[in-house]
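# Structure at a glance
What follows is the residue order along each chain.
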Amino acid sequence: MDFLLQPLTLVTFFPLLGVVVLLFIKEEQKNALRWTALVTSTLTFAVSLWVLTKFDAANPTLQLVARYDWITVAGWNIQYYLGVDGLSILLLLLTAFLTPLSILSTWTAVQERVRDFMMFFLLLEVGMSGVFLAQDLFLFYIFWEFTLVPMYFLIGIWGGPRRIYAAIKFFLYTMAGSILMLLAILWLGIYGGTFSVPDLVARGNIPAGVQMWLFIAFAAAFAIKVPMWPLHSWLPDAHVEAPTAGSVILAGVLLKMGTYGFLRFNIPLFPQAALEAAPWIALLATIGIIYGAAVSYAQPDVKKLVAFSSVSHLGFVMLGLFALNPEGVSGAILQMINHGLSTGALFLLVGMIYEQTHTREISVYGGLWKVTPVFGAIMLIISLSSMGLPGLNGFVGEFTILLGAFGSQAIGNSIYAVVSALGVIMAAIYILFMFQRMFLGPQGKVVEDAKQHGRGIRDLNWREIATMVPILIFVFWIGLYPKPFFDLMGPAVENLLGTLQTAAIAMR
Amino acid sequence: MTSSDLLTILPLTVLTGWACVLLLLDLFIPRARKGVTAFLAAAGVLVALALTLLQSGSELPGFGGMVVLDRFSTFVQALLLLSGLLGLALAYGYVKRMGLERGEYYTLLLFSLAGMMLMAQATDLIVIFLALELLSIPLYVLAAFARPKVESEEAGLKYFLLGAFSAGFMVYGIALVFGATGTTSLNGILAASSSSDAPVLLTIGAALILVGLGFKVAAVPFHMWTPDVYQGAPTPVTAFMAAGAKIAGFSALLRVFASAFPSIGDGMTDVLWALAALTMIAGNLIAISQTDIKRLLAYSSIAHAGYILMAFVPFGDAKVQAVSIAAGLFYLVSYAITNFGAWGVVIALERAEGRGLALEDYAGLARRSPALAACMTIFMLSLIGLPPTLGLVGKFYLFRAVIAGGFYWLAIIGVVTSLISAYYYLRVVVLMYMREGAPVRTSETLLDLTTASTAVVTVAVSLLPAPLFALASEAVVRLF
């Protein structure tokens, strides 16, 4: 019992309870299935808030640790080891926050095989929480690979017309990266005699020549997941074909697993390699920012536009992380949350209109705001948040990141920050251009058609508004008063960079 | 022959004796009720399993050092007997349904099983050869059991011809080793090879033995028979053959190479490296283009022989060879369990006249029988090596040994081919879950029980693998 009542164990595995309940509900009782999933994930969110109340922000180390021997025979030293610190607490909360909202968005969108859908969704939540909490490399790898399976089914069964292609592409791309990480994990396990990340970090001392290889092996897994340019080509396919809720989780949480991986493993485990690689990663991140923005602008499909904008936004996160100074890293962590909120919300909104019109062509829309004022207003706020308007969440993150990147010793050249700043302007262009074509101007073909058929396009209903309001609260909260969020991560970031400082001195 | 000699091979003796008795008993069982024979055979296997487990922990040489009872043999024999039970369970309904029900089926299976068990205990090349023939000959007959179906007859004949061919290699290898060392006992070879003045002869002999056993475990380039035989043989025979023959072949390889040939380790490492790499690459690449589930699983079985072969590569390196052989044993367990489960699903979908075996026939299975599709998904994930299944833990263990041995490129080939394999295993999952179709599924108590229990074990043991890890590593402690 002691094992199960650990807060972190509970928050990770609570959704399994819902999976078990779902098994006993008949397929025909669709609403019962939906309610079960919604209640389970909301309770999981409540548990995550309970974790937050027990979390001490001033403490830079791992907290609420659940640590048990798991496989400690035959020369193995694998532990069941969960812990949370300032680097991961926000991502855990984001996961628990977005899951019930995504489930709420499927209420009418998913009509086929509802039970399977909800089961995969809850299993996915287990995997994601586990990724953010695992402190043992073996355990981490299990959670990391496990997230692939439910997501693969979500895309492949409930996705769009090219869903099977997209699902397999998603699976193989991600797995291609993680198999190299597997070998690096095994090497570390043999070298350090343990798979525990804090122990390996404390032990340090990995020969400089090997560090770079291990760094690359881990980076292969994470860079594909982020995705960093030029490894991003699975993302548009997966996003466009995935059902709305799948896209929300994909953009909101799964991509963060990549950036989080850099933060949790690459930087502290291989500090010297991280310092050496920083300029190169900054270069790739900058290319990604500009490339993602430019390609977004050219998209005729609004979902693809949002998908490519993720490439651009995640470029900012990578740039901030590898600035390797407090501003850059905390900005990057906050931007992970921001991107989860704004892009998640964008996918939700796109899904809401798609459910009615069954098209995502930007050009057939137009003049939507007049027909659907609430939808238009929320879309505008989220769009502005996504492009980084001061006063909303996106600005705080991007500004801090650019500040960090500008003065970064590790990157060593402020040109990346300058070029990346152009990305902010480009984001304003592609997002406003999209908004203008869809919501302003004369009423487009879809709106006219709907009117002629006598049904018109309806505005958001209460369920849809209820899905968006929690996100909007955070959009304003982080935009206007980000201090509590920075406070949560501050000490842990300082601690992480302290490790790096020691390594930098050793390098000279 | 003393009583302690008999004690060393007690489970084997009981099983063989019971098989002979059963051959007679079967005459008195009416034609319509041959299922009784299956249960009698299973009872014999259970008794042998109980005796094996009772003997666990004891270390006894027997028959003047020709056989040995040790932890290694106990581990392998327990696994073999378990495979025998699963093989019987899969066959029980199938042979009835396909009109193949004859009492000899079960006795032949027992004889083959006895050969496999002897293989695990043999410490003399002659006994190994004897065991090889004892396990093979009943399998040749079983492969052709669905006569007059042409495919089955072809499978039997092909398996027989190539089996005889490989036995020839084996015998020639044994002769050369005898020529080089003057003995066929593994300990004797070890003692003689350190002072031998004919290392070339010894190396060639060892290589020929490797070829002979390579045929049995279906390593590339000695795999040509596998797809045809696996496809043509009755499906439960294929399942038994894929697991049992592989376990027996590998246990002989492990013992021969680890205890007799460490002195030529350096030279052999490169050969085994190439063999493992080639097997993984070819098996996985050819599997991509298969459209028949039996052929797909046949190539998958070849590919897995490659993974297990990786465990041999560090042999001769005293530091890691114990770990790597334990990893090989663990992988054999994980492969055997997953393999039986997957074949169980194939049997559930197979219909008369060989219908229901195309991959397309799996379309829509998730709608019709969600539980069966879920089981198949677990097996496919396990064969890829993804959590939460035994396959992942097995690969983790195996790759760790390979990396500890310093064979980074082999490890990279291993993981890259795993990635390739994900493509074709996922195709099965795609068909089951993402395409529409109307598969017809047979439901039989024993079959369903086998499939479900192997699926549960595949997941459960992957979450709590420590006891099995411990057993596997204890099994190899005294081997060197």
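Residues numbered from 1 in each chain as written. Chains lettered and ligands numbered in written order. Predicted model: local features only at pLDDT ≥ 70, side-chain atom pairs only at ≥ 80, totals over all residues.

### Details of the overall build of chain B
Stated formally: Helix and strand assignments follow DSSP, with helices taken as H or I runs no shorter than four residues and strands as E runs no shorter than two, numbered in order from the N terminus. In this treatment the radius of gyration is a C-alpha quantity, and the globule benchmark scales as 2.2 Å times the residue count to the 0.38 power. Three exposure classes are used, based on other C-beta atoms lying within 10 Å of a residue's own C-beta, which is placed from the backbone: buried for 20 or more, exposed for 12 or fewer, and partly exposed in between.
Assigned secondary structure in chain B consists of 20 helices and 2 strands. Taken over C-alpha atoms, the radius of gyration comes to 21 Å for chain B, in line with the 23 Å a tight globule of 480 residues would show. Taken along its principal axes, the extent of the C-alpha atoms in chain B is 65 × 55 × 40 Å. A total of 480 residues make up chain B; the buried ones form 64% of that total.

### Here's the deal with the overall build of chain A
Our working rule: Any two residues are considered in contact once their C-beta atoms, placed from the backbone, lie within 7 Å.
Counting secondary structure elements, chain A contains 20 helices and 2 strands. For 508 residues, the compact-globule estimate of 2.2 N^0.38 gives 23 Å, and chain A sits close to it at 22 Å. Each principal axis of the C-alpha distribution contributes one length, and for chain A these read about 70 × 55 × 40 Å. Each of the 508 residues in chain A was classed as buried or not, and the buried ones make up 61%. Of the contacts made within chain A by residues no fewer than 6 positions apart, 81% connect residues no fewer than 24 positions apart.

### Points about the confidence of the model for chain A
Just so we agree on the cut-off: Confidence per residue, as judged by the predictor, is encoded in pLDDT with a range of 0 to 100.
For chain A, per-residue confidence averages 87 on the pLDDT scale, and 99% of positions sit at 70 or higher. Helix α4 (residues 114–133) of chain A holds the highest mean pLDDT among the elements of chain A, 92, whereas helix α18 (residues 445–452) of chain A holds the lowest, 77.

### Let's talk about the interface of chain B and chain A
For the record, the criterion: Think of it as three bins: nonpolar holds Ala, Val, Leu, Ile, Met, Phe, Trp, Tyr, Cys and Pro, charged holds Asp, Glu, Lys and Arg, and polar takes everything else, Gly as well.
Every contact between the two is made by 27 residues of chain B and, on the other side, 25 residues of chain A. Here the element with the most residues in the side of chain B that touches chain A is helix α18 (residues 408–434) of chain B; it accounts for 12 residues. Grouping the constituent residues of the side of chain B that touches chain A by class yields 24 nonpolar, 2 polar and 1 charged.

### Overview of the environment of Ile190 of chain A
Tracing the backbone shows Ile190 of chain A in helix α6 (residues 163–192). Ile190 of chain A gets classed as partly exposed once you count the C-beta atoms within 10 Å, which come to 15. Taking the C-alpha atoms as reference points, Ile190 of chain A and Trp76 of chain A, separated by 114 residues in sequence, lie 8.9 Å from one another. Among all residues touching Ile190 of chain A, those that are not within four sequence positions of it are Arg400, Ile403 and Ala404 of chain B.

### Things to note about helix α8 (residues 186–193) of chain B
Residues and elements named next belong to chain B. We apply this condition: Arc, as used here, means the arc of the directions from the helix axis to the C-beta atoms.
Of all the positions in α8, only Leu186, Ile189 and Ser193 are classed as buried. Angularly, the buried residues of α8 cover 55 degrees about the axis, an arc narrow enough to put them on a single face. Residues of α8 that are buried make contact with α7 (150–181), α9 (199–217) and α11 (235–259).

### Considering the pairing of strand β2 (residues 78–84) of chain A
Residues and elements named next belong to chain A. Selection criterion: The pairing criterion is simple: DSSP has to find at least two bridges between the two strands.
Among the 7 residues in β2, 6 count as buried, and that is most of the element. Both strand β1 (residues 63–71) and β2 contribute to a ladder of 6 bridges, which runs antiparallel. Within β2, the residue paired with Asp69 across the bridge is Gln79.

### Structural notes on the nonpolar core
Stated precisely, the cut-off is as follows: Put simply, a nonpolar core is a cluster of buried Ala, Val, Leu, Ile, Met, Phe, Trp, Tyr and Cys residues tied together by C-beta atoms within 7 Å.
Ranked by internal contacts, the top residues of the largest apolar core, which has 402 residues, are Leu183 and Phe322 of chain A together with Leu110, Met119 and Ala143 of chain B. The biggest single contributor to this core is helix α14 (residues 318–349) of chain B, with 21 residues. Excluding residues within four positions of it along the chain, Ala143 of chain B makes contact with Ser152, Ala155, Gly156, Tyr159, Val229, Gly232, Ala233 and Val237 of chain B.

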